[in-house]
Amino acid sequence: MVTVHVVVGAALLELALAAGLLGAWCWYRVEPSPRFWQVLRAGQAAIVLQVLLGALLLALGKRPGDDLHI
């Protein structure tokens, strides 16, 4: 379960980066992009999934190594 949490976290970072770069590119070119919104929504869904996985891990008694994580 911890491995899934790490993988979703990595995917979340990649989706956020992709949305940011794509959004900046479309803004620079002054053109709308439906793909940007799809990537952004996927990133938001990954955030929700990451929070749910983290809450589940906490409910199962798994604690992170430091207080900064939470």
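Reading the values: rules and limits
- Residues numbered from 1 in each chain as written.
- Predicted model: local features only at pLDDT ≥ 70, side-chain atom pairs only at ≥ 80, totals over all residues.
- Heavy atoms only, no water.
- Helix = DSSP H or I, 4+ residues; strand = E, 2+ residues; numbered from the N terminus.
- Expected span 1.5 Å × (residues − 1).
- Buried < 20%, exposed > 50% of the residue type's maximum accessible area, 1.4 Å probe, protein only.
- Contact = heavy atoms within 4.5 Å.
- Salt bridge = Lys/Arg side-chain N within 4 Å of Asp/Glu carboxyl O.
- Axes fitted to C-alpha atoms, helices over the stretch in contact; angles between N-to-C directions.
- Parallel < 35°, antiparallel > 145°, perpendicular 65-115°, else oblique.
- Left-handed = near helix turned anticlockwise from the far one by under 90°.
- Nonpolar A, V, L, I, M, F, W, Y, C, P; charged D, E, K, R; others polar.

Turning to helix α1 (residues 2–29), a few remarks are in order. Its 28 residues give α1 an end-to-end C-alpha distance of 41 Å, which sits within 8% of 40 Å, the value for a rise of 1.5 Å per residue. Every buried residue belonging to α1 is among H5, V8, G9, L12, A19, G23 and C26, and all of these are buried. Along its buried surface, α1 packs onto α2 (34–59). Two residues or fewer past α1, V30 is found with a positive phi of approximately 55°.

A word on the pattern of salt bridges. When charged atoms on two side chains of opposite charge get close, those side chains can pair. Taken as a whole, this structure holds 1 salt bridge when the rule is applied. For R29, the salt bridge identified is with E31, shortest N-O distance 3.6 Å.

Let's shift gears to α2. Taking 1.5 Å per residue, 26 residues should reach 38 Å; α2 reaches 38 Å between its end C-alpha atoms and fits that length. Within α2, the full set of buried residues consists of F36, V39, G43, A46, Q50, L53, G54 and L57. The inward-facing, buried residues of α2 abut α1. The positive-phi residue at the C-terminal boundary of α2 is G61, with phi of around 90°.

What follows is about the packing of α1 against α2. Helix packing for two helices is described by the angle between their axes and how far apart those axes are. Where α1 meets α2, the closest approach of the two axes is 8 Å, and the angle between their N-to-C directions is 155°. Put simply, α1 runs roughly antiparallel to α2. Remark: the crossing between α1 and α2 carries left-handed chirality. Here the residues of the contact of α1 with α2 are counted per class, giving 17 nonpolar, 6 polar and 1 charged.

Of note, S33 is situated in the loop between α1 and α2. The exposure class assigned to S33 is buried, which follows from its relative accessible area of 15%. For S33, the residues in contact, after removing those within four places along its chain, are L22 and C26.

So yeah, pure geometry; function would need other evidence.
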